[in-house]
Amino acid sequence: MYSTSGYIPQQISQDRPARTRLTLSALVRVTGPDSERFLQGQLTCDVKSLTSDNWTAGACCNAKGRMVANFIIAQTPQGYLLRLPAEQADTLINHLKKYIVFFKSQITLAEDLCVIAEVPATTTTADAHASQEPHLTLTHADGRREFWITEQEATACLQGPQCSEADWISTEIRAGYVFVTQQTTEAWVPQYIGWHELGGISFSKGCYTGQEVVARLQYLGKAKKNLYLVDGTDDLPAVTAQISADGRHMGDLAAVSGSIGLAVISSEERTLNATLAEQPVVLSRLFYTEENQ
């Protein structure tokens, strides 16, 4: 769990790091009196533990434990907001609509809100502010922040130093975040992208769709695949491009921004020099896989 704080318009004019609009992200809204109960039975994260002061990663799986979508989720007075790739929003909504008919809840695209992201000048843990729902500020452990706000608020929020959306994606990649896209829907169990290390899975909350598979993998002690950071000399190809070494397939690219990316690689792999679309790349274990090797 991480802190979430209210958006404070009067602080916009103060000196701060650079911000950008996340045009490739969307917010999905779940409202209604049964929202918590509904999401608790569908998501990997513990929805009941969410308050106005925190947020968490989460995922929605099919019955085989493969992720339909993964996201960041926060609570609002009206229900919940989930931030995920815009291309995946309809997929998640349509999947959950198959189950929501049994609950007093609604799920829609939050078209009245957008996401502004802030890349910190240095890697520090930012302080939380007092809550001013329903528009949210989410603070990451490395100092990155997300503002889930209206278009009117976004105009004011972007007055000042700006960066590119690619800059934000690069910081997400270095923090170990992979988000499911249309190309990778139902391709991975959450542990393959380290989602349990980022707080995206609760192993004590009880049943949810795909829970048996996800829990069994955890109790076996080791996933068949792990996430690796990929460094190239030139821009990397698109997601799902194959990584190879000595003529054998090692894994697939899962996220990319310029010359860096994240790849899902066999956990048995020890070779850290590889090839991606004929480009030499170097693989390095993430902070949470190094100590397990």
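See the structure above.
Residues numbered from 1 in each chain as written. Predicted model: local features only at pLDDT ≥ 70, side-chain atom pairs only at ≥ 80, totals over all residues. Heavy atoms only, no water.

A. Main features of the environment of H135. Among the structural elements, H135 can be located in the loop between β8 (113-119) and β9 (136-139). Classification of H135 as buried rests on a relative accessible area of 18%. Sequence separation between H135 and T76 is 59 residues, and the spatial gap between their C-alpha atoms is 8.2 Å. (Helix = DSSP H or I, 4+ residues; strand = E, 2+ residues; numbered from the N terminus. Buried < 20%, exposed > 50% of the residue type's maximum accessible area, 1.4 Å probe, protein only.)

B. Geometry of the environment of V239. Along the chain, the position of V239 falls in the loop between β11 (225-232) and β12 (242-245). It is 7.6 Å that separates the C-alpha atoms of V239 and D252, two residues lying 13 residues apart in sequence. When sequence neighbours within four positions are dropped, the list of residues in contact with V239 reads T181, T184, L253, A254, A255 and V256. (Contact = heavy atoms within 4.5 Å.)

C. Geometry of the nonpolar core. Ranked by size, the top nonpolar core spans 46 residues in total, and within it W148, V178, W188, I193, W195 and L262 carry the most contacts. Aside from chain neighbours lying at most four places away, what touches W188 is G65, R66, M67, V178, I193, A254 and V264. V28, F38, F71 and I100 belong to the second-largest nonpolar core, a separate cluster that totals 22 residues. (Core = buried A, V, L, I, M, F, W, Y, C linked by side-chain atoms within 4.5 Å.)

D. Structural context of the sheet that holds strand β14 (residues 260-266). Read once around its circumference, the closed barrel built from 6 strands follows the order β11-β14-β13-β12-β15-β16, with strand pairing classed as antiparallel. Taken pair by pair, the neighbouring strands of this sheet meet at an average axis angle of 40°, ignoring direction. Where β11 and β14 come together, 7 bridges link them in antiparallel fashion. Among the inter-strand pairings, N226 is bridged to a residue of β14, identified as I265. (Pairing = 2+ DSSP bridges. Axes fitted to C-alpha atoms, helices over the stretch in contact; angles between N-to-C directions.)

E. Geometry of the pattern of salt bridges. The tally for this structure, following the rule as stated, stands at 11 salt bridges. For E118, the salt bridge is made with R19, and the minimal N-O distance between the two is 2.7 Å. Highlighted residues: E118 in strand β8 and R19 in strand β2 (residues 18-21), separated in sequence by 99 residues. Residue E118 shares its accessibility class with R19, and that shared class is buried. Residues D34 and R37 are paired through a salt bridge, measuring 3.5 Å at the closest nitrogen-oxygen approach. For D34, a relative accessible area of 16% translates into the label buried. R37 sits in the exposed class, given a relative accessible area of 52%. Each of the salt bridges in this network shares a partner with another, and the network as a whole consists of R19, E118 and R145. (Salt bridge = Lys/Arg side-chain N within 4 Å of Asp/Glu carboxyl O.)

F. Representation of the side chain of T44. With respect to the secondary-structure elements, T44 resides in the loop between α1 (35-40) and β4 (54-61). Accessibility expressed as a relative area gives 0% for T44, which makes it buried. At 2.5 Å, the side chain of T44 forms a polar contact with the backbone oxygen of G200. (Polar contact = N/O pair within 3.5 Å; in protein donor to acceptor, adjacent residues only side chain to side chain.)

G. Local environment of unusual backbone geometry. Phi at T240 is positive, roughly 85°, even though this residue is not glycine. For T240, the location among the structural elements is in the loop between β11 and β12. On the accessibility criterion, T240 (35% relative accessible area) is partly exposed. Even without glycine at this site, E278 takes up a positive phi of about 70°.

H. Fine view of the side chain of R83. The residue R83 is located in strand β6 (residues 79-85) in this model. Among all residues touching R83, those that are not within four sequence positions of it are L22, S25, A26, L27, F71, I72, V115, E146, W148, W168, E172 and F179.

I. Representation of the pairing of β14 in the model. In terms of burial, β14 is largely enclosed, as 6 of its 7 residues are buried. In this sheet, β14 lies alongside strand β13 (residues 248-257) in antiparallel orientation, the contact comprising 6 bridges. Bridging across to β14, S257 finds its partner in I260. The hairpin formed by β13 and β14 contains 2 residues between the paired strands, and G258 there has a positive phi angle of roughly 65°.

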